[in-house]
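What follows is the residue order along each chain.
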Amino acid sequence: MSKQVIGFHYTLKDKDGKLIDSSQDSTPLLFLEGSGQIIPGLEKEITPLRVGEKKNIEVKACLLYTS
(Lines give C-alpha, C1' and ligand atoms only; values in the text may rest on other atoms or scores of the structure.)
Protein backbone atom coordinates (compact mmCIF):
# COMPACT_ATOMS: atom_id res chain seq x y z
CA MET A 1 0.00 0.00 0.00
CA SER A 2 1.44 3.38 -0.96
CA LYS A 3 1.54 6.24 1.49
CA GLN A 4 -0.28 9.45 0.67
CA VAL A 5 0.13 13.08 1.62
CA ILE A 6 -2.94 14.16 3.58
CA GLY A 7 -3.97 17.74 4.24
CA PHE A 8 -6.53 18.98 6.73
CA HIS A 9 -7.75 22.15 8.34
CA TYR A 10 -8.03 22.17 12.10
CA THR A 11 -9.40 24.22 14.97
CA LEU A 12 -7.77 23.48 18.31
CA LYS A 13 -9.66 24.33 21.50
CA ASP A 14 -8.95 23.68 25.16
CA LYS A 15 -11.28 21.70 27.44
CA ASP A 16 -13.34 24.85 28.09
CA GLY A 17 -13.83 25.54 24.38
CA LYS A 18 -11.35 28.43 24.23
CA LEU A 19 -9.66 28.75 20.81
CA ILE A 20 -5.95 27.87 20.95
CA ASP A 21 -5.07 27.66 17.23
CA SER A 22 -6.68 27.25 13.82
CA SER A 23 -5.65 26.77 10.20
CA GLN A 24 -8.91 28.15 8.78
CA ASP A 25 -7.39 31.38 7.41
CA SER A 26 -4.26 29.63 6.20
CA THR A 27 -3.14 26.58 4.25
CA PRO A 28 -4.08 23.11 5.51
CA LEU A 29 -1.66 21.11 7.63
CA LEU A 30 0.01 18.45 5.44
CA PHE A 31 1.55 15.17 6.58
CA LEU A 32 2.80 11.94 5.02
CA GLU A 33 0.66 9.02 6.10
CA GLY A 34 2.47 6.61 8.43
CA SER A 35 5.55 8.80 8.89
CA GLY A 36 4.97 9.80 12.52
CA GLN A 37 4.60 13.49 11.69
CA ILE A 38 1.39 13.90 13.70
CA ILE A 39 -0.06 12.28 16.84
CA PRO A 40 -0.88 8.62 16.01
CA GLY A 41 -4.43 8.79 17.44
CA LEU A 42 -5.16 11.86 15.33
CA GLU A 43 -3.79 10.20 12.20
CA LYS A 44 -5.92 7.12 12.85
CA GLU A 45 -9.07 9.29 12.93
CA ILE A 46 -8.15 11.46 9.91
CA THR A 47 -6.87 8.83 7.48
CA PRO A 48 -10.25 7.20 6.65
CA LEU A 49 -12.02 10.54 6.05
CA ARG A 50 -13.00 11.51 2.51
CA VAL A 51 -12.28 14.87 0.88
CA GLY A 52 -14.62 17.50 2.31
CA GLU A 53 -15.74 15.34 5.24
CA LYS A 54 -15.62 16.97 8.70
CA LYS A 55 -15.18 15.34 12.08
CA ASN A 56 -14.72 16.49 15.67
CA ILE A 57 -11.79 14.62 17.18
CA GLU A 58 -10.77 14.76 20.83
CA VAL A 59 -7.07 14.20 21.41
CA LYS A 60 -6.19 13.30 24.98
CA ALA A 61 -3.20 15.05 26.55
CA CYS A 62 -0.12 12.96 27.21
CA LEU A 63 3.36 13.47 28.62
CA LEU A 64 6.29 13.31 26.24
CA TYR A 65 9.77 12.58 27.50
CA THR A 66 12.93 13.45 25.64
CA SER A 67 16.50 12.76 26.55
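Fair warning: this is a prediction, and the values are worked out from it, not measured in the lab.

### Describing the layout of surface pockets
Move 1: Within this model, the largest pocket holds a volume of roughly 1300 Å³.
Move 2: Considering the residues around the largest pocket, the lining is formed by 34 residues, among which Phe8, His9, Tyr10, Leu42 and Ile57 are closest to the centre.
Move 3: Sorting the residues of the lining of the largest pocket by element identifies strand E1 (5–8), strand E2 (11–13) and helix H1 (40–46) as the ones contributing at least two each.
Move 4: At 4 residues, E1 tops the list of elements feeding residues into the lining of the largest pocket.
Move 5: The residue inventory of the lining of the largest pocket, partitioned by class, reads 16 nonpolar, 8 polar and 10 charged.

### Considering the nonpolar core
Move 1: Listed in full, the 6 residues of the largest apolar core are Ile6, Phe8, Phe31, Ile38, Leu42 and Ile46.
Move 2: Where this core is concerned, the elements lending two or more residues are E1 and H1.
Move 3: Discounting chain neighbours no more than four positions away, the residues touching Ile6 are Leu29, Leu30, Phe31, Glu33, Ile46 and Thr47.

Rules of the game
- Residues numbered from 1 in each chain as written.
- Predicted model: local features only at pLDDT ≥ 70, side-chain atom pairs only at ≥ 80, totals over all residues.
- Heavy atoms only, no water.
- 1 Å grid on protein atoms, 1.4 Å probe; cavity = no way out; pocket = protein on both sides within 12 Å on 5 of 7 lines; lining within 4 Å.
- Points joined across faces, edges and corners; volume = space filled by probe spheres on them.
- Helix = DSSP H or I, 4+ residues; strand = E, 2+ residues; numbered from the N terminus.
- Nonpolar A, V, L, I, M, F, W, Y, C, P; charged D, E, K, R; others polar.
- Core = buried A, V, L, I, M, F, W, Y, C linked by side-chain atoms within 4.5 Å.
- Buried < 20%, exposed > 50% of the residue type's maximum accessible area, 1.4 Å probe, protein only.
- Contact = heavy atoms within 4.5 Å.

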